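# Structural features, examined
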Amino acid sequence: MAKKQILLINDLAGYGKVATAAMLPILSYMGYPVYNMPTALVSNTLDYGKFNIMETTDYMQGVFPVWKELGFTFDAIATGFICSERQAKMVVDYCREQAERGTLIFVDPIMGDEGKLYNGVTEDRVECMREMISVAHLIFPNYTEAAYLTRTPYQPQGVTYREARELLDRLRRMGTRSALITSILVDGHPSVVGYNHYTGRYFLLPYEEIPVHFPGTGDMFSAILIGHLLKGKPLKASTREAMDALYRLIDVNKDNEDKNRGIPVEQWLRLL
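How each quantity is defined
- Residues numbered from 1 in each chain as written.
- Predicted model: local features only at pLDDT ≥ 70, side-chain atom pairs only at ≥ 80, totals over all residues.
- Heavy atoms only, no water.
- Pairing = 2+ DSSP bridges.
- Helix = DSSP H or I, 4+ residues; strand = E, 2+ residues; numbered from the N terminus.
- Contact = heavy atoms within 4.5 Å.
- Axes fitted to C-alpha atoms, helices over the stretch in contact; angles between N-to-C directions.
- 1 Å grid on protein atoms, 1.4 Å probe; cavity = no way out; pocket = protein on both sides within 12 Å on 5 of 7 lines; lining within 4 Å.
- Points joined across faces, edges and corners; volume = space filled by probe spheres on them.
- Nonpolar A, V, L, I, M, F, W, Y, C, P; charged D, E, K, R; others polar.
- Patch = residues over 30% accessible without salt bridge, like charges linked within 9 Å, V, L, I, M, F, W, Y side chains within 5 Å.
- Areas by Shrake-Rupley, 256 points an atom, 1.4 Å probe, with all protein chains shown as cover.
- Salt bridge = Lys/Arg side-chain N within 4 Å of Asp/Glu carboxyl O.
- Buried < 20%, exposed > 50% of the residue type's maximum accessible area, 1.4 Å probe, protein only.

Spatially, 3-2-1-4-5-8-9-10-11 is the arrangement adopted by the nine strands of the open sheet, whose pairing is mixed. In this open sheet, the two strands that pair with only one neighbour each are strand 3 (53–55) and strand 11 (201–206). Contacts from helix 1 (residues 19–29) reach strand 1 (6–13), strand 2 (34–42) and strand 4 (76–79), with the element oriented near 140 degrees to strand 1. Those strands touched by helix 2 (residues 57–70) are strand 1, strand 2 and strand 3, and its axis lies near 160 degrees from that of strand 2.

What follows covers the layout of surface pockets. Empty space among the atoms can be located by rolling a probe the size of a water molecule over them. Its volume calculated, the second largest pocket comes out at about 270 Å³. Every residue lining the second largest pocket is counted, 15 residues in all, and those nearest its centre are Leu 104, Phe 106, Tyr 198, Leu 229 and Leu 235. For the lining of the second largest pocket, the class distribution of residues is eight nonpolar, six polar and one charged.

Time to look at a nonpolar patch on the surface. A cluster of nonpolar residues, Leu 12, Leu 41 and Met 54, forms a patch on the protein surface that exposes about 240 Å² of accessible area. By the secondary structure assignment, Met 54 is in strand 3.

Take the pairing of strand 10 (residues 189–196) next. With seven of eight residues buried, strand 10 lies mostly within the body of the structure. Here six bridges tie strand 9 (residues 178–186) to strand 10, and the two strands are oriented antiparallel to one another. Note on strand 10: the bridge partner recorded for Ala 179 is Tyr 195. Turn length for the strand 9-strand 10 hairpin, with the two strands adjacent in sequence and antiparallel, is two residues, and the turn residue Asp 187 shows positive phi of about 50 degrees. The pairing of strand 10 with strand 11 spans six bridges and is antiparallel. Bridging from a neighbouring strand, Val 192 pairs with Leu 205 of strand 11. The hairpin formed by strand 10 and strand 11 contains four residues between the paired strands, and Gly 200 there has a positive phi angle of roughly 70 degrees.

Using the criterion set out here, one finds two cavities of 30 Å³ or more in the structure. When its volume is computed, the largest cavity comes out at roughly 40 Å³. Asn 10, Met 23, Ala 78, Thr 79, Gly 80, Asp 108, Ile 110, Phe 140, Asp 219 and Ser 222 together form the lining of the largest cavity. Elements supplying a minimum of two residues to the lining of the largest cavity: strand 4 and helix 7 (217–229).

With that out of the way, let us pick up the pattern of salt bridges. Counted by the stated rule, this structure contains 14 salt bridges. When the shortest N-O distance is used, the salt bridge between Arg 151 and Glu 127 registers 3.5 Å. Taken as a pair, Arg 151 in the loop between helix 5 (143–150) and helix 6 (161–172) and Glu 127 in helix 4 (residues 123–133) lie far apart in primary sequence, 24 residues in all. A relative accessible area of 60% places Arg 151 in the exposed class. The exposure class of Glu 127 is partly exposed, given its relative accessible area of 39%. The network of salt bridges with common partners includes Glu 123, Glu 127, Arg 130 and Arg 151.

A word on helix 1. With eight of its 11 residues buried, helix 1 lies for the most part within the structure. On its buried face, helix 1 is in contact with strand 1, strand 2, strand 4 and helix 7. The positive-phi residue at the C-terminal boundary of helix 1 is Gly 31, with phi of around 105 degrees.

Right, dumping it as C-alpha cells:
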C-alpha cells in the first residue's frame, strides 16, 4: 500500500525547531513522504526577540499552478502560520480544491497564546483564520486562539467542561468537522478537549504540565497527532498519544540551556 503523502503549509525557520522544521522530521520518522510549501522564511524563532522574516506569497502564487499542471496531489495538508489575507485566500482556495478530491485538511490557526495575539497578528489575520477553518476536517487551536476565533472572552482562571464544549460547538459552526482545543484549563486542570464528528462525542484529556517553555511544541503535537490519525487511530487515542509523546520530549529536554531554539527533535525521535 502506498504511503500517505503529506503537504505542510507553514513557515520555515533558519534557526530553531518550530513549524516546518519541527514537523517534517517527526512525520518522516513516522513513515510518511512529506512535502512543504513555506509561507515565510524566518531567520530564527521569535523567542529571541529579534528576527528577520520574508513572506513568500509571490513564490506560492507561482508554485500552485505548476503543481496543478504536474498533477501533484496529497492525502493530507497541514496548515500553520499564514502571513496575510492574500496568502490565506490562496491557501483556502487550494485546500478547498484538494479537499474536493478527498484530501484531509488539518488547520493549526497559529495566532497567539496566554490570552493575547502574537506580535504583528491583527484582526484581519484572525478573520483569515476563520476562513481557513471553513475548509478544515480538523482544527487544533489553543485556548487563546479558540477564544479569538469565536469572539469569546478569554478567562485566565479557566473554564468548566460545559463551557469548553460550548466553545467547541462555536468552532464547529464555523465549518470544521472535528476540533480540539489545547492548553485549556478545564475545572482547574490543564487539558485538551475535543469533539470527534465521526462518533458525535466530546472528550476531555487532562495532563500534567512541565513548567518550562519551548517554542515549537504545538507544531510537534500537531505532527504526532496527524501521524497517528493517518494510520487510522481514532481522534481521542491519537490526541492522547501526541500528548504523552510531547510530555516525554519536554521532560528529557527541560534542562537545556538555550530553550529558545526549541527541542532538538531529531535526537529524540525514538521517544515517539
